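Coordinates in review
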Amino acid sequence: MRYDVDEIHDEIHEALYELAHIDYTKPIFHNPSVAVMYEEALKHEIGSAITSTGALAALSGAKKGRSPADKRIVDEPESSANIWWGSVNIKMDQKVFMVNRERAVDYLNTCERLYVIDGYAGWDTDYRIKVRVVCSRAYHALFMRNMLIRPTAEELKTYGEPDFIIFNAGSFPANRYTIGMTSSTSISVNFERGEMVILGTQYAGEMKKGIFTVMHYLMPKAGVLSLHSSANEGPDGDVSLFFGLSGTGKTTLSADPHRFLIGDDEHCWSDKGVFNIEGGCYAKVIDLSAEKEPEIFEAIRFGSILENVVYSEETRVVDYADSSLTENTRCAYPIEFIPNAKIPCMGGHPKNIILLTCDAFGVLPPISRLSEAQAMYHFISGYTAKIAGTEEGVTEPQATFSACFGAPFLVWHPIKYATMLAEKMKKYKANAWLINTGWNGGAYGTGKRISLKYSRAIIDAIHNGTLAKAEFENYPVFNLSIPKAVQGVPSEILNPSATWAGGKDTYATTVNKLATLFVENFKKFDDGSRPEIAAAGPKF
């Protein structure tokens, strides 16, 4: 051990002992340097290695993705009436939370060393919260150092008490016989105590999305809209927000060399403009190449952490095509590793709201202009489609709906976020667009995937203002307003009925099938939605 107890921060020992009776006789590495965390991981964590580009490779154990079914929110008087209870937010009793908290602390007290990271969530100092992470793995500490906003040396001197604390004891299982537990994994959030407890999963993404859940509750309460979106800014200061589920092209289309990246995943929209919640990016790296994603590829260097990747034992070169451990290989890196990142990660009020979908049924237009009510409808719906062959048992396109393009992280009812979005769009005169990056000319298996070149041309037309001035026509059933021409895009693909290869009957059947799925899905929001929102959906 390079440090002895007297050389490590006594104040953090005292603070954690006072808060949770964490043993103060062991080394606690408080905001260690990146180099120290590398050394600690290499010495103490199986599977850790330095890759050929200098990034730290780490393994997350049995869990290689989030466990949304194991997330719980403590039901307490102050927040209970505000929470959208159900399958997304499952209730946990305060006593059960304390049992899990005690179990986590007991485990942390058995560890030979602990790591503590302090950071901020939210770039706007008026709304940011102070977050402290207490964990037993250097991998987790480095991950959260990258994903939180890193305080300066001066800010750390006056950091004080955190607003929210994560106790990550993910290497130790939850007791499955504790009331309300469905497995040995538990991720529980307590707004009253300002704490999160993790048991039974070492997947680092749980911490990132746990803090997003916290911000998803606190920000709307403060009148600020929290969003699961990416954001970029043009040379003239015009901001665009991009929403989309996995596979829709959100990361690719928002990464524009001619625009500044504000953030790739989590943002807030206040009365001053937008700001990123995070200080880093958590990018998928399966099949990554320098040709396809040069900015992300170059960001994988010293200070970045690669998760569950396969590499050569001799050269330490990562094989990004190897999915033998998981398809969900990831890299977490500070946002300043992206050359055109805007620091601080803040911008003005968005000019364009871009909703992305990958429609494998092939009937949604490549580009549609949305009214205010339509923007709310499609935002609440959060539609994309699974493609045949991507999952076992999927033999034809399957519609997937995720409210607000991020249902697992919502805390308030989706209508709350949608209403705030509509109010801000109206106040700041933002345009709303629905872009289909999926199929055209027929459904998956018959038609063709819309070229990325065409999707980029559509985005360019939105940003240079030419699309807003185009001539539009109505697209029936979905009642969407679609342009007759877009520079750089073949006009025949703009209306799916014109390129459909299977005959008019199969086209009409497919349109009605998808429209019915939209209508059926939206029924779950009848309890909170206004009639004009539902009326903005498909009409037969």
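This one's a predicted model, so the numbers in the text were calculated from it and none came from an experiment.

What the chain contains, in helices and strands, is 15 helices and 31 strands. Over its C-alpha atoms, taken along the principal directions, the chain stretches across nearly 75 × 55 × 50 Å. Counting over 540 residues, the chain shows a buried share of 58%. Considering only contacts in the chain between residues 6 or more positions apart, those separated by 24 or more positions represent 73%. Averaging the coordinates of the 54 positive side-chain charges in the chain and doing the same for the 65 negative ones gives two points 5 Å apart.

Read from one edge of the open sheet, 4 strands run β11-β15-β16-β22, paired in antiparallel fashion. Lying at the two open borders of the sheet, with one neighbouring strand each, are β11 (225-228) and β22 (346-347). Here β11 runs beside strand β15 (residues 266-270); their pairing, made up of 4 bridges, is antiparallel. In the sheet register, serine 226 faces β15, and the bridge partner there is cysteine 268.

Looking now at helix α10 (residues 372-381). Among the 10 residues of α10, 8 are classified as buried, and the element is accordingly described as predominantly covered. Among all positions of α10, only Gln374, Ala375, Met376, Tyr377, His378, Phe379, Ile380 and Ser381 are buried. Glycine 382 sits one or two positions beyond α10 and adopts a positive phi of about 60°.

A word on the sheet that holds strand β18 (residues 305-307). The strand order across the open sheet built from 5 strands is β2-β3-β18-β21-β17, with neighbouring strands paired in mixed fashion. The open sheet has two edge strands with one neighbour each: β2 (49-50) and β17 (280-284). Taken together, the 3 bridges between strand β3 (residues 56-58) and β18 define a ladder with parallel strand orientation. Its bridge partner being in β18, alanine 57 is matched across the sheet by leucine 306.

Okay, the packing of aromatic side chains next. Going through the model one piece at a time under the given rule, you end up with 25 aromatic pairs. Here phenylalanine 212 and phenylalanine 409 contribute two aromatic rings whose centre-to-centre distance is 5.8 Å and whose plane-to-plane angle is 50°, an arrangement assigned as tilted. One end of the pair, phenylalanine 212, is in helix α7 (residues 205-221); the other, phenylalanine 409, is in the loop between β26 (398-401) and α11 (414-428), and 197 residues separate them in sequence. Neither residue differs from the other here; phenylalanine 212 and phenylalanine 409 are each classed as buried.

As a note on interpretation, predicted positions should not be read in detail where pLDDT is low. With 96% of its residues at a pLDDT of 70 or more, the chain has an overall mean of 94. Every residue in residues 388-392 scores below 50 in pLDDT, and together they form 6 contacts with partners more than four places removed in sequence or on other chains.

So, on to the packing of α10 against α11. Interaxial distance between α10 and α11 falls to 9 Å at its minimum, and their mutual angle equals 145°. α11 is crossed by α10, and the crossing has right-handed handedness. Packed against α10, whose contacting residues are Glu372, Ala375, Met376, Phe379 and Ile380, the element α11 presents Pro414, Ile415, Tyr417, Ala418, Thr419, Leu421, Ala422, Met425 and Lys426 at the interface. The residue inventory of the contact of α10 with α11, partitioned by class, reads 11 nonpolar, 1 polar and 2 charged.

Let us now look at the side chain of lysine 250. Turning to its location among the elements, lysine 250 is positioned in helix α8 (residues 250-254). A residue is classified by how much of its surface remains accessible, and lysine 250, at 9% relative accessible area, is buried. At a separation of 3.3 Å, a polar atom in the side chain of lysine 250 contacts the side chain of aspartate 265. Beyond its immediate chain neighbours, meaning those up to four positions away, lysine 250 contacts His228, Ser230, Phe242, Phe243, Gly244, Asp264, Asp265 and Leu356.

All right, on to helix α14 (residues 504-522) then. For α14, built from 19 residues, the straight-helix expectation of 27 Å at 1.5 Å per residue is met to within 8% by its first-to-last C-alpha distance of 27 Å. Contacts from the buried residues of α14 go to α10, β25 (383-386), β26, β30 (472-475), α13 (496-499) and α15 (531-534).

Following the sequence through the fold, serine 289 ends up in the loop between β17 and α9 (294-299). Of the residues examined, serine 289 reaches a relative accessible area of 16% and is grouped as buried. If near-sequence neighbours (up to four positions away) are discounted, serine 289 is found in contact with Pro294 and Phe297. Within polar-contact distance, the side chain of serine 289 engages the backbone nitrogen of lysine 292 at 3.1 Å.

With that settled, the discussion passes to unusual backbone geometry. Here isoleucine 343 and proline 344 are connected by a cis peptide whose omega angle stands at -5°. Looking at the element boundaries, proline 344 is found in the loop between β21 (330-334) and β22. The backbone of arginine 316 shows a phi angle near 65°, a positive value even though the residue is not glycine. With respect to the secondary-structure elements, arginine 316 resides in the loop between β19 (310-311) and β20 (318-319). In this structure arginine 316 comes out as partly exposed when scored by relative accessible area, which is 27%.

A word on the state of the cysteines. Tallying each qualifying case throughout the model produces 0 disulfides. Cysteine 135 takes part in no disulfide bond, and the closest cysteine sulfur to it belongs to cysteine 111, at a distance of 9.8 Å.

This part is about the environment of proline 531. One can find proline 531 in helix α15. Looking at proline 531, the relative accessible area reads 66%, which means it is exposed.

With that settled, the discussion passes to a negative patch on the surface. Where like charges cluster on the molecular surface, the negative patch consists of Asp10, Glu11, Glu14, Glu18 and Glu161. For glutamate 161, the location among the structural elements is in the loop between α6 (153-157) and β8 (164-169). Under the relative-accessibility criterion, glutamate 161 is labelled exposed at 58%.

Calculation rules
Residues numbered from 1 in each chain as written. Predicted model: local features only at pLDDT ≥ 70, side-chain atom pairs only at ≥ 80, totals over all residues. Heavy atoms only, no water. Helix = DSSP H or I, 4+ residues; strand = E, 2+ residues; numbered from the N terminus. Buried < 20%, exposed > 50% of the residue type's maximum accessible area, 1.4 Å probe, protein only. Contact = heavy atoms within 4.5 Å. Lys, Arg positive; Asp, Glu negative; His and termini not counted. Charge placed at Lys NZ, Arg CZ, Asp CG, Glu CD. Pairing = 2+ DSSP bridges. Phe/Tyr/Trp six-rings, centres within 6.5 Å; stacked < 30°, edge-to-face > 60°. pLDDT = per-residue confidence, 0-100. Axes fitted to C-alpha atoms, helices over the stretch in contact; angles between N-to-C directions. Left-handed = near helix turned anticlockwise from the far one by under 90°. Nonpolar A, V, L, I, M, F, W, Y, C, P; charged D, E, K, R; others polar. Polar contact = N/O pair within 3.5 Å; in protein donor to acceptor, adjacent residues only side chain to side chain. Expected span 1.5 Å × (residues − 1). Disulfide = S-S within 2.5 Å. Patch = residues over 30% accessible without salt bridge, like charges linked within 9 Å, V, L, I, M, F, W, Y side chains within 5 Å. Areas by Shrake-Rupley, 256 points an atom, 1.4 Å probe, with all protein chains shown as cover. Salt bridge = Lys/Arg side-chain N within 4 Å of Asp/Glu carboxyl O.

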